[in-house]
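# Structural characterization, general
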Amino acid sequence: MTTAAVPAPAPAVTVAVPAPRRTSSAKGRVTVNAVMVAMILYFLLPFWWLVVAATKNNDALFSTAALWFHQPGAFFTNLRQLFTYNDGEYLRWMGNTAIYAGVSGVGATAVATLAGYAFAKYRFPGRSLLFSSLLGAIMVPATALAIPTYLLLSKVALTNTMWAVILPSLLNPFGVYLVRVYVQEFLPDELLEAARVDGAGELRVLWSVALPTLKPALVTVLLFSMVGTWNNFFLPLVMLNNDKLFPLTVGLQSWYQGALIQSGANALFTLVIAGSLVAIIPLIVAFLLLQRYWRGGLTVGSLK
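What comes next concerns the included structure.

What counts and what doesn't
- Residues numbered from 1 in each chain as written.
- Predicted model: local features only at pLDDT ≥ 70, side-chain atom pairs only at ≥ 80, totals over all residues.
- Heavy atoms only, no water.
- Helix = DSSP H or I, 4+ residues; strand = E, 2+ residues; numbered from the N terminus.
- Buried < 20%, exposed > 50% of the residue type's maximum accessible area, 1.4 Å probe, protein only.
- Areas by Shrake-Rupley, 256 points an atom, 1.4 Å probe, with all protein chains shown as cover.
- Phe/Tyr/Trp six-rings, centres within 6.5 Å; stacked < 30°, edge-to-face > 60°.

Looking only at helices and strands, one finds 14 helices and zero strands in the protein chain. If you list the helices and strands of the protein chain from N to C, you get α-α-α-α-α-α-α-α-α-α-α-α-α-α. Taken over 304 residues, the protein chain has a buried fraction of 34%. Accessible surface for the protein chain amounts to roughly 18,600 Å². Of this, 69% is attributable to carbon and sulfur atoms.

Below, the structure written as structure tokens:
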């Protein structure tokens, strides 16, 4: 009886696995961090200069280090002069700016909500053509429309009034686009149909069902519209010639022009800088209070 030979096991083969290239990944992280730090400094440097310059008097503004404080106590002196100069002219301009930004922001949000909801949930002739025209309007700079808008409003005698700034600001093509995308992504048709089956009319469906769901997008549109109107310069410059109706942007520019004419003799440069610093504080507060809403609105469409 013959026994078959059992073959010997094959020797184990050791495969050398190259070590991960930690050096290259570490260099990549360092590069990314360096770029991020550079971008942060790039955006914060003008604000830092504005804060530092607001603590200087008119002479120190041009004779001391640009990026460091001179007399921090001078900041409160500048504020007192800012709010009392020319019978409190700055406060009047700030009130005008608040009216322009508030009315335009709320109105633009309402128009964008109605238009975006209609584009997303209704079918009507010319819908695609109108929406394509809307996307094209986003690409048109607002300054290119200022002169045609002035000619249009002059025909109805609305120039040099608050409505000359408010009415053009009610149109926000990007806001309409944002609301439309948000409605398509986060407002299912089944939810609207259920409300209609329960007997709710179209306005009730919009008010009770759609608007609570659209809150992040609405807050985002509101913030963008208010900031755009708050910082708008060219439109009120073209529309207004009464200094009592000026917003902060045009008012501060008029002070700056006066300082150039007087060669800084009237200390208007420090008022312009202090006024610019005070003017951005409401925007910072608004973004800090509402950032959780507008961050959600900005990420619309990024995830299913």
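The final tally for this structure, using the stated rule, is 14 aromatic pairs. Considering the side-chain rings of Trp93 and Trp255, the 5.1 Å spacing of their centres and the 55° angle between planes classify their relative orientation as tilted. Highlighted residues: Trp93 in helix α4 (residues 89-121) and Trp255 in helix α13 (residues 248-261), separated in sequence by 162 residues. Across this residue pair, the class does not change: Trp93 and Trp255 are buried. With a centroid separation of 6.0 Å and 70° between ring planes, the pair formed by Tyr256 and Phe269 is classed as edge-to-face.

Another point: the environment of Gly258. Structurally, the position occupied by Gly258 is in helix α13. Residue Gly258 is classed as buried on the basis of its relative accessible area of 15%. On a C-alpha basis, the gap between Gly258 and Phe269 in space is 9.2 Å, while along the polypeptide they are eleven residues apart.

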